[in-house]
Structures are given as structure tokens and as C-alpha cells.
Amino acid sequence: MKPTFRYRLLAAALAAVLIGCVALPQGGAGYARSPALPAPPDPPDNPTTPEKAALGKKLFFDPRLSGDGSMACQGCHYRHLGWTDALPLSRKVGGGMNTRHTPSVYNTGYYTSWYWDGRAKTLEGQVTAAWKAQIGAEPAKAAAVIAAIPGYQVEFRKVFGSAPDADNIVKALAAFLRTLNSGEAPWDRHAAGDKTAVSADAQAGHELFVGKAGCATCHQPPLYSDNRFHNIGLEADKANPDPGRYAVTKDLQDRSAFKTPTLRSVGISGPYFHDGSVANLEQAVRYMASGGKADAHKSTLLVDHKLSDQEIRQLVAFLHTLTSEEHFQPPTLP
């Protein structure tokens, strides 16, 4: 984790403690953020408001935003699947296939770069790229479709003081995504003092997570990610290995390195890893705990921790306690 990101996150977390750890309802999302998470930062040119996030929520679920009207942004991100799609690789509008697994958009507002390789420098930039590449839209044409809908005309005038266009549609979508913060999970309740919130196995799993298994080195709470990029060996034996972060930085140390995914709600967001190659959570934990496949460029942090079957099960039990339980109500579209 970059020092500035870490300090900002810790400072915000401390501020939350000082005001009583109040988890405020998120604009338009319909649930409260876990007290373990500070408010995500907003860019100066796109502050989040409840009205803007509620508008973005409708757009996120609206297939009319796509190139052919067949697919919404939500088509790859489902709440009951941890804001993923349960597919190893998902299909784009027009029939093309993604080459990487759909990442969760839980807590996406906290990051400093986006996509598995970090090529997007802003959340708004990521939204724009996905709007074009994933759901096949030409933003100006799609914006004209949205602008022709009376209900959207009213809401955009209220929120932005102008008609829908490619710029303010992206801002509304990004504002909504910044409200998709994890709600309270059983482990949050345990950490707050409820000793009945999780099982003894989950508690033992947490001890392994922060200790013997070394998971917390990269999966740092409260996000359970370090916002950095690591090669974990998955590309080693492929005929055409994915270059990962290297395609962005051209730094040889970044060959086949991918962003550390959040573990919040990981229990419902499989399959796992950037290529969707591992079907279930226990298999994913076993892979990481064993040190992964041999690769000359693999991170030195990935080693065989020689965990027993029982310890693997305890780690999995802990990870399931990171699944948040917030209510989410889909929007009604105009």
C-alpha cells in the first residue's frame, strides 16, 4: 500500500472513531457502510451526494446505456454475488469475451487505480472505459438515448443543472459506485465486541490470517487489500501469459502482476483470481497458502506456509465472516 493511501485511510478511520463510528446510509445505495470503513474520498470535481448516487444507481441498472440496449453495467456485477458475476470470464456486448475475471466493485471508491492491471487512474476513467468496451456504447449516442427519457431529463436537471451528456452520466455512475461500500459483516461485529458473532474456527482462522499464514501482509484490513500488484504464479505455464501490470508500467518487475483483490464478501464472489481459474474459496486458499506455482517472476511474499487441512478450513471459515449482510434494493427505472 502506498504510504499516502495508508495514512489517508488510517486518518479517516480515526476520525470515524472520534465521531462514534457512525455508519451513515450511503447515497442511493440503500444500506449503511460498515463502521470499520471510513468514508471513501471524493474527487473535487465530482462530490458524492445522495441525489447523484441515486441517479447513478438507476443508470447502472439501465440497459439503455449500452450500445444495443441489451446490457446494463449491472450485467457483470450482482449484489448477491458480491458485485461480481460468478463466471470465470464474462461476455461483452457484441459477443466478445473478456480475458480477465470480473472484479468486485465493493469498496471501489477507496482505490487509487482501477482494473486488474491498474491502467485506469480514476474511477471516472474506469467507468468511461467500461461503458465503451464492456457494454459497447458510443457515449455521445448513448447519452442521447438517456436524454430522450423524460424521467432522466428531470433528474439530471435537478442533480447537474443540465441535460444528460457523456460527462455527467459518468459522474453519476462513479458517484453510485462510491456508495457500494461493504455493510457490516460478522467479523466487524466480533471486532466491535460481540464474541458470539463468529465461530471458534473463524477466530482461529483470523489468528492464522494475521500470523502463520501471512495473508494480512497483502490483504490489509479494513479493505483486505494493499492496493498493490503481485505476481502469484498463475501465468507461469500458459502459452501466452497475461502481462498484467507490466503492460501499463513496462517495468519487468511487474510481469504478470495483478492487483490484490479485496476479501470483503469473498465468500460469495467466486470463481477466484484474475483469470477466474479457481472454482471455490477453499481451493483458492490452498493455492495461496502453498506458495502457488513456480515462476521466476513470482512475488517473494508467496511461500509455502505448510498449513494443515484443519488450518485451511479455519482460514476459509474466517473469510466467510467478511461477507457483509446489507440490504440492497434495485432501482425503479424511468
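A quick note: this is a predicted structure, and the numbers were derived from the prediction, not measured. (Residues numbered from 1 in each chain as written. Predicted model: local features only at pLDDT ≥ 70, side-chain atom pairs only at ≥ 80, totals over all residues. Heavy atoms only, no water.)

Draft legend 1. Focus on the UniProt feature "domain: Cytochrome c" (unreviewed entry) in the chain. Here the UniProt-annotated "domain: Cytochrome c" (unreviewed entry) positions come out as residues 200-323. Note that residues 200-323 is 29% helix and 3% strand, and that its end C-alpha atoms are spaced 17 Å apart. (UniProt positions renumbered as here; feature names shortened; annotations may be inferred. Helix = DSSP H or I, 4+ residues; strand = E, 2+ residues; numbered from the N terminus.)

Draft legend 2. Inspection of the environment of Val266 at higher detail. Mapped onto the fold, Val266 is located in the loop between strand E2 (258-259) and helix H10 (281-289). Residue classification places Val266 among the buried residues on the basis of a relative accessible area of 6%. Taking the C-alpha atoms as reference points, Val266 and Asn168, 98 residues apart in sequence, are found 32 Å from one another. If near-sequence neighbours (up to four positions away) are discounted, Val266 is found in contact with Tyr272, Leu281 and Leu319. (Buried < 20%, exposed > 50% of the residue type's maximum accessible area, 1.4 Å probe, protein only. Contact = heavy atoms within 4.5 Å.)

Draft legend 3. Spatial organisation of unusual backbone geometry. Each neighbour pair has its own omega, and for Pro221 with Pro222 the value is 10°, a cis peptide bond. With respect to the helices and strands, the residue Pro222 is situated in the loop between helix H8 (200-210) and strand E1 (229-230). A cis geometry characterises the amide bond from Gly270 onward to Pro271, with omega recorded as 0°. Phi is positive for Ser265, which is not a glycine, with a value near 60°. By the secondary structure assignment, Ser265 is in the loop between E2 and H10. Taking relative accessible area as the criterion, Ser265 reaches 0% and is therefore assigned buried.

Draft legend 4. Focus on the packing of aromatic side chains. The tally for this structure, following the rule as stated, stands at 12 aromatic pairs. Aromatic pair Phe209 and Phe318: ring centres 5.0 Å apart, planes at 55°, arrangement tilted. In this pair, Phe209 sits in helix H8 while Phe318 sits in helix H11 (residues 309-320), placing the two residues 109 residues apart along the sequence. Given the relative accessible area of 0%, Phe318 is considered buried. Joined through ring pairs, the aromatic side chains of Phe60, Phe61, Trp83, Phe176 and Phe328 make up one cluster. One residue, Arg245, lies across the ring of Phe229, its end atom 4.3 Å from the ring centre. (Phe/Tyr/Trp six-rings, centres within 6.5 Å; stacked < 30°, edge-to-face > 60°. Lys NZ or Arg CZ within 6 Å of the ring centre and 35° of its normal.)

Draft legend 5. View of the UniProt feature "binding site: heme c 1" (unreviewed entry) in the chain. Feature annotation in UniProt assigns "binding site: heme c 1" (unreviewed entry) to the following positions: Cys73, Cys76 and His77. Within the fold, Cys73 resides in the loop between helix H2 (50-60) and helix H3 (123-133). If we skip the residues at most four places from it in the chain, Cys73 touches Phe60, Leu65, Ile135 and Leu173. Secondary-structure assignment places His77 in the loop between H2 and H3. Residue contacts for His77: discarding those within four places in its chain leaves Phe60, Trp83, Thr84, Thr102, Pro103 and Val105.

Draft legend 6. Molecular detail of the packing of H8 against H11. Contact pair H8 / H11: the axes reach a minimum separation of 7 Å and the direction vectors enclose 100°. Here H8 lies roughly perpendicular to H11, going by the angle between them. When H8 is examined against H11, the residues Asp201, Ala202, Ala204, Gly205, His206, Leu208 and Phe209 are found in contact with a partner set consisting of Glu311, Gln314, Leu315, Ala317, Phe318 and Leu319. Taken together, the residues of the contact of H8 with H11 break down into 8 nonpolar, 3 polar and 2 charged. (Axes fitted to C-alpha atoms, helices over the stretch in contact; angles between N-to-C directions. Parallel < 35°, antiparallel > 145°, perpendicular 65-115°, else oblique. Nonpolar A, V, L, I, M, F, W, Y, C, P; charged D, E, K, R; others polar.)

Draft legend 7. Spotlight on the domain arrangement of the chain. Split by domain assignment, the chain resolves into domain 1 (50-179) and domain 2 (186-321). The straight-line distance from the C-alpha centre of domain 1 to that of domain 2 is 27 Å. Counting residues at the interface gives 23 residues for domain 1 and 22 residues for domain 2. For the pair domain 1 and domain 2, the two sides together bury roughly 1900 Å², of which 56% comes from carbon and sulfur. Applying the counting rule to domain 1 against domain 2 returns 1 salt bridge. (Domains from an automatic or database assignment. Buried area = accessible area lost by both parts, 1.4 Å probe. Salt bridge = Lys/Arg side-chain N within 4 Å of Asp/Glu carboxyl O.)

Draft legend 8. Region of the structure containing the environment of Gly205. As for its position among the elements, Gly205 is in helix H8. Relative accessible area serves as the criterion here: at 0%, Gly205 is assigned to the buried category. The spacing of Gly205 and Leu319 is 114 residues in sequence and 8.0 Å in space, taken between C-alpha atoms. Once you skip the residues sitting within four places of it in the chain, Gly205 turns out to touch Gln314, Leu315 and Phe318.

Draft legend 9. Just the state of the cysteines, in detail. In this structure the tally under the stated criterion is 0 disulfides. Unpaired in this structure, Cys215 has its nearest cysteine sulfur neighbour in Cys218, at a distance of 9.3 Å. (Disulfide = S-S within 2.5 Å.)

Draft legend 10. Looking closely at the side chain of Ser66. Mapped onto the elements, Ser66 comes out in the loop between H2 and H3. Among the polar contacts made by the side chain of Ser66, one reaches the main-chain amide nitrogen of Gly69 at a distance of 3.0 Å. (Polar contact = N/O pair within 3.5 Å; in protein donor to acceptor, adjacent residues only side chain to side chain.)

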